[in-house]
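Summary of the model geometry
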Amino acid sequence: LWTSKLMTWTKAKTAMVVSACLLLAAVTTTIIVYNMGKPMRTIQSEWSAISGDSGQWSLDNGKIKAHTVTGDSIFASREEYGDFTFSAIASTTNREASLAIRLQDASNGYLIVFAPAGTPGNGDGFIRLVKRTSNSETTVAAYQKRKLLTVGKSAKIKVMAKSSLITVFLNGEKVLQAHDTTFTTGYIGFRIYGWADFPCDATFSHVNF
């Protein structure tokens, strides 16, 4: 009788554990789906073009697509951020697909320029942390190694900003780190740059911030 009760309790306990695990999995899936979707909803309702024009940017099936032949175009948040982590899978076949952070306006802030190897004028490719002040650009840090030759035209770019420290990751590997105190808060977004003879087409997906 004791053995029978023990077996019954063990089965009941196992069932409760399995149920709890299934519930946790369901909740986790819901959170992941919500968090993956939230940035796109936020971008659609709260971001806008602060350089170039809004017609150069479109949202299509969870992706942000951009095109310019008229120079600089920036698509940015309306909310300002101080310390944050911001990432996206950036892709371009012909110029650059860049992240922008701590923007004060279109002329002031930081750019993380992703220029893949083999795109016009970019040689073996590079990633640069660029500071833009009154529309004048200065390279704060640069990464240009053979690894970029194997990355292709698409990569996950992640930037972490904490106080004056800015860290940039390429496909999960830290490639840039620098201290700069010029801008400590600002808008986040994306930047493209191209002209008629060197157009820029870029896609940003899996956006998280």
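Definitions and limits used
- Residues numbered from 1 in each chain as written.
- Predicted model: local features only at pLDDT ≥ 70, side-chain atom pairs only at ≥ 80, totals over all residues.
- Heavy atoms only, no water.
- Pairing = 2+ DSSP bridges.
- Helix = DSSP H or I, 4+ residues; strand = E, 2+ residues; numbered from the N terminus.
- Buried < 20%, exposed > 50% of the residue type's maximum accessible area, 1.4 Å probe, protein only.
- Salt bridge = Lys/Arg side-chain N within 4 Å of Asp/Glu carboxyl O.
- Contact = heavy atoms within 4.5 Å.
- Phe/Tyr/Trp six-rings, centres within 6.5 Å; stacked < 30°, edge-to-face > 60°.
- Core = buried A, V, L, I, M, F, W, Y, C linked by side-chain atoms within 4.5 Å.
- 1 Å grid on protein atoms, 1.4 Å probe; cavity = no way out; pocket = protein on both sides within 12 Å on 5 of 7 lines; lining within 4 Å.
- Points joined across faces, edges and corners; volume = space filled by probe spheres on them.
- Nonpolar A, V, L, I, M, F, W, Y, C, P; charged D, E, K, R; others polar.
- Polar contact = N/O pair within 3.5 Å; in protein donor to acceptor, adjacent residues only side chain to side chain.

Here strand β4 (residues 84-92) pairs with strand β9 (residues 154-162) via eight bridges, running antiparallel. Counterpart to phenylalanine 86 in the pairing with β9 is valine 159. Bridge count between β4 and strand β12 (residues 187-208): five bridges; the pairing is antiparallel. Counterpart to serine 91 in the pairing with β12 is threonine 203.

What follows concerns unusual backbone geometry. Positive phi, close to 55 degrees, is recorded for asparagine 61, a residue that is not glycine. Among the structural elements, asparagine 61 can be located in the loop between β2 (57-60) and β3 (63-76). On the basis of relative accessibility, which here comes to 74%, the residue asparagine 61 falls in the exposed class. One non-glycine residue, asparagine 135, lies in positive phi territory at about 70 degrees. As for its position among the elements, asparagine 135 is in the loop between β7 (126-133) and β8 (136-143).

Time to look at the pattern of salt bridges. Going through the model one piece at a time under the given rule, you end up with eight salt bridges. Between aspartate 180 and lysine 131 there is a salt bridge; the shortest N-O distance is 3.2 Å. Taken as a pair, aspartate 180 in the loop between β11 (173-179) and β12 and lysine 131 in strand β7 lie far apart in primary sequence, 49 residues in all. Owing to a relative accessible area of 12%, aspartate 180 belongs among the buried residues under this scheme. According to the relative accessible area criterion, lysine 131 is buried, its value standing at 17%.

Here the focus is the environment of lysine 158. Looking at where lysine 158 falls in the secondary structure, it is placed in strand β9. C-alpha of lysine 158 to C-alpha of threonine 85: the two residues are 73 residues apart in sequence and 7.2 Å apart in space. Every residue in contact with lysine 158, bar those within four places of it in the chain, is listed here: Thr85, Phe86, Ser87, Thr167, Val168 and Phe169.

Attention now goes to the packing of aromatic side chains. According to the stated counting rule, one finds 13 aromatic pairs in the structure shown. Between the aromatic rings of phenylalanine 86 and phenylalanine 190, the centroid separation amounts to 5.5 Å while the plane-to-plane angle is 50 degrees, which identifies the pairing as tilted. Here phenylalanine 86, found in strand β4, pairs with phenylalanine 190, found in strand β12; they are 104 residues apart in sequence, far enough to count as distant. Each member of the pair, phenylalanine 86 as well as phenylalanine 190, carries the same accessibility label: buried. Each ring, one from tyrosine 110 and one from phenylalanine 183, has its centre 5.4 Å from the other, and the planes form 75 degrees; the classification is edge-to-face. Of this pair, tyrosine 110 sits in strand β6 (residues 108-115) while phenylalanine 183 sits in the loop between β11 and β12, and the two are 73 residues apart along the sequence. Pair check on accessibility: tyrosine 110 and phenylalanine 183 agree, each one buried.

Below, the discussion takes up the nonpolar core. By size, the foremost hydrophobic cluster in this structure holds 41 residues, and its most contacted members are Phe86, Ile127, Ile157 and Phe190. Take this core: its biggest share by element is seven residues, from β12. What isoleucine 157 contacts, discounting residues up to four positions off in sequence, is Phe86, Ser87, Ala88, Ala90, Leu99, Ile112, Phe114, Ile127, Val168, Phe169 and Leu170. Counting residues in hydrophobic clusters, the runner-up holds nine residues, among them Ile74, Ala76, Leu111 and Val113.

Quantified by volume, the largest pocket comes out at close to 230 Å³. Along the wall of the largest pocket there are 14 residues; nearest its centre are Glu96, Val113, Phe126, Arg128 and Arg191. Only β7, β8 and β12 provide two or more residues apiece to the lining of the largest pocket. Residue composition of the lining of the largest pocket, grouped by class: five nonpolar, four polar and five charged.

Note that threonine 68 resides in strand β3. Among the residues examined, threonine 68 registers a relative accessible area of 0% and is labelled buried. Within the structure, threonine 68 has its side chain in polar contact with the side chain of glutamine 56 (distance 3.1 Å). Among the polar contacts made by the side chain of threonine 68, one reaches the main-chain amide nitrogen of threonine 70 at a distance of 3.1 Å.

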